[in-house]
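Observations on chain architecture
Below, each chain spelled out in residue letters.
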Amino acid sequence: MKRNLLKITDLTKKECESIINKAIDIKKHPEKYFSSLKKETLLMFFEKPSLRTRISFETGMFELGGQAIFYSIKDSPLGKKESIEDMARVVSRYANVLAARVFDRNDIWSLAKYASIPVINMLDDFAHPCQIMSDFMTIKEKKGKINDLKLSFFGDGHNNVTYDLMRAAALYGLKMDVACPKGKEYSPEEIVLEEIKVLSEKSNAKIRVLDDAKIAAKDSDVIYTDSWMSYGIPFDKEEVRKKMFLPFQVNEEIIENAKSDAIFMNCLPAMRGYEQTAEVIDGEHSIVFDQAENRLHAQKAILLFLRDKF
Ligand code: CP
Ligand code: NVA
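All of the points below concern the structure found in this document. (Residues numbered from 1 in each chain as written. Chains lettered and ligands numbered in written order. Predicted model: local features only at pLDDT ≥ 70, side-chain atom pairs only at ≥ 80, totals over all residues. Heavy atoms only, no water.)

So, about the pairing of strand 3 (residues 97-101). Counting buried positions over the 5 residues of strand 3 gives 5, a clear majority of the element. Across the two faces of strand 3 the burial is the same, with Val-97, Ala-99 and Arg-101 and Leu-98 and Ala-100 all buried. The sheet contact formed by strand 1 (residues 41-46) and strand 3 spans 5 bridges and is parallel. Within the sheet, the bridge partner assigned to Phe-46 lies in strand 3 and is Arg-101. Pairing between strand 3 and strand 4 (residues 119-121): 3 bridges, direction parallel. (Buried < 20%, exposed > 50% of the residue type's maximum accessible area, 1.4 Å probe, protein only. Helix = DSSP H or I, 4+ residues; strand = E, 2+ residues; numbered from the N terminus. Pairing = 2+ DSSP bridges.)

So, on to the sheet that holds strand 9 (residues 263-266). The 5 strands lie next to each other as 7-6-5-8-9, forming an open sheet whose pairing is parallel. Looking at which strands have only one partner, the edges of the open sheet turn out to be strand 7 (206-210) and strand 9. Geometrically, the sheet is characterised by an average inter-axis angle of 15 degrees between neighbouring strands, direction not taken into account. Bridge analysis of strand 5 (residues 150-154) against strand 8 (residues 222-225) gives 4 bridges, and the strand direction is parallel. Bridge pairing in strand 8 links Phe-153 to Tyr-224. Running over the sheet, helix 6 (residues 160-172) touches strand 5, strand 6 (175-179), strand 7 and strand 8 and is turned about 160 degrees from strand 6. (Axes fitted to C-alpha atoms, helices over the stretch in contact; angles between N-to-C directions. Contact = heavy atoms within 4.5 Å.)

Following Leu-268, the chain continues to Pro-269 via a peptide bond in cis, the omega torsion being 5 degrees. By secondary structure assignment, the location of Pro-269 is in the loop between strand 9 and helix 11 (278-281). At Lys-39, a residue that is not glycine, the phi angle is positive and equals roughly 65 degrees. Examined against the element boundaries, Lys-39 turns out to sit in the loop between helix 1 (13-28) and strand 1. Phi angles above zero are rare outside glycine, and Asp-219 is one such case at about 65 degrees. You can see Asp-219 is positioned in the loop between helix 8 (213-217) and strand 8.

This is the structure:
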């Protein structure tokens, strides 16, 4: 039975742990895996831009002995002249894994439903599982563990990365505070809060959504933020969003309120002076480039997992 990775909770905690361990081994000994996906093809559909995701997947497939094909669906017939269902069925005859970055969660769900090969979500409006897998790998490297840590997220609460971070924290049974403005456009959707509630009841996670950044920062081991202007948000919303999110900017005061050895993370792209100050992202707590590097290693492990090559 094929597996998909559409959101981080498509995996169990045990599977996440085993993918992270594999990613750490791949990072240490890349040569051991040079033929692991020999002659295999990863097909990547992109509807929105990317630096890290595209390049790390292309490089990753090359280093596993296979190839990645970039296909822009921005101006393609997807969902217009050709149905998503047909596209998924057709490309399943050519490629071994299909990955897609789309605006609308329904599109990735349809691709997953109709493709006979594993489908990876490379970012939609609901999740970013490859990012979160790399983030948890990075946290493990930096902190030596994931369990018992407190995470806090600042800024856009109505956001793909935020949702999957919350899901991962809930899956692992962690403490997490999400500091974001009140209001439908800026805070998590009900459907996500419901998912978190169900997961937390099982794992004993403690996840809160607050509108006070200082309280959220308290006792944090990991301080995380993401863009205030996610791909696709119209530019005419920038001024009002800047105003709304400014009280949630990660600055020195936030860092001082966290644990003294807290790490600062941002999935990138980042804008200095927006979601964090330059002092923070370029400062001693920041690990954002190690975090970005780990996309390469973690995604190789995800590909091996989905191709049943563990
Ligand atoms: N973090 C991330 O997914 O970056 P890109 O948008 O550059 O792929
Ligand atoms: N929330 C951001 C993540 C970018 C990797 C976006 O959707 O643009």
